[in-house]
Amino acid sequence: MAGQAQAQTVYRVVGPDGRISFSDKPPAASDNATATGVGGRPVGVGGVALPFELRQVASKYPVTLYTSGNCAPCGTGRALLSGRGIPFTEKTVNAAEDVEALQRISGETSLPFLTIGGQQIKGYSDAEWTQFLNAAGYPQTSTLPAGYRGPAATPLVAVQKPAPAVKPEDTQTPRAPAEPSRPPVDTPSNPAGIKF
């Protein structure tokens, strides 16, 4: 429950008199409303908010498409999702690390591979993809705003470059001489001479 409460959308509505109000329900006239997510950031990519119903479905059943550059069915699947107005994340499978990760996720290395929420669909089939998108509640035709841009495709495995090696001469920098230790002083309030 706590996770759902944190991710709830809040609408900032500016009234005709300039007064600002906040609501968890979308306003009837959304011209003067901005949907914001956690931390007050606008919902959607590039600051363009998704329509309320589409945002609800996408939060319950996020769509991820796994592709590679030399895969014709991947392009056809991407075109189906884009043409239907489905907000999706694209993960590219090009490097050996990507292939190993795909094998762990799907049990195979064939592409395209699509996930809709927890549902996994291997290979491209227009009828099958459409059936699962309909079952999840995605609209039949695009309801995306005109300025919406989907996120750029990213590698399935983000390869981190190793940190540059530290040169031996860098590690031997002269250190300041240590302060000579003083013998503990016995005082009436500290008879053992403990220092902190």
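Residues numbered from 1 in each chain as written. Predicted model: local features only at pLDDT ≥ 70, side-chain atom pairs only at ≥ 80, totals over all residues. Heavy atoms only, no water.

Participant: Where do I start with the sheet that holds strand β8 (residues 154-155) in this structure?
Facilitator: Strands pair in a sheet through their backbones, by hydrogen bonds, and they do so in one of two ways: parallel or antiparallel. Overall, mixed pairing links the 5 strands, which are arranged β7-β6-β4-β5-β8 in an open sheet. A strand with exactly one partner marks an edge of an open sheet, and here the two such strands are β7 (119-122) and β8. Taken strand by strand, helix α3 (residues 72-84) contacts β4 (63-67), β5 (88-92) and β6 (113-116), and its axis lies near 155 degrees from that of β4. (Pairing = 2+ DSSP bridges. Helix = DSSP H or I, 4+ residues; strand = E, 2+ residues; numbered from the N terminus. Contact = heavy atoms within 4.5 Å. Axes fitted to C-alpha atoms, helices over the stretch in contact; angles between N-to-C directions.)

Participant: Explain the state of the cysteines here, please?
Facilitator: Linking two cysteines covalently through their sulfur atoms gives a disulfide. Counted under the stated rule, the structure contains 1 disulfide. Each disulfide pairs two cysteine sulfurs, and for Cys-71 the partner residue is Cys-74, the sulfurs being separated by 2.2 Å. Where Cys-71 bonds to Cys-74 through sulfur, the torsion about that S-S bond is close to 80 degrees, and the disulfide is right-handed. (Disulfide = S-S within 2.5 Å.)

Participant: Would you mind going over the environment of Val-99 with me for this structure?
Facilitator: Tracing the chain through its elements places Val-99 in helix α4 (residues 96-106). Val-99 sits 10 residues away from Thr-109 along the chain, and the two C-alpha atoms are 6.4 Å apart. The contact partners of Val-99, leaving out residues within four places of it in the chain, are Val-93 and Thr-109.

Participant: When you look at the pairing of β7 in this model, what are you seeing that I'm missing?
Facilitator: As a general feature of sheets, a regular strand has side chains that alternate between the two faces. In this structure, β6 lies alongside β7, joined through 4 bridges in antiparallel fashion. Within β7, the position partnered with Phe-113 by the bridge is Lys-122. Counted between consecutive antiparallel strands, the loop separating β6 from β7 contains 2 residues, among which Gly-117 sits at a positive phi close to 65 degrees.

Purely geometric numbers; function is a separate question.
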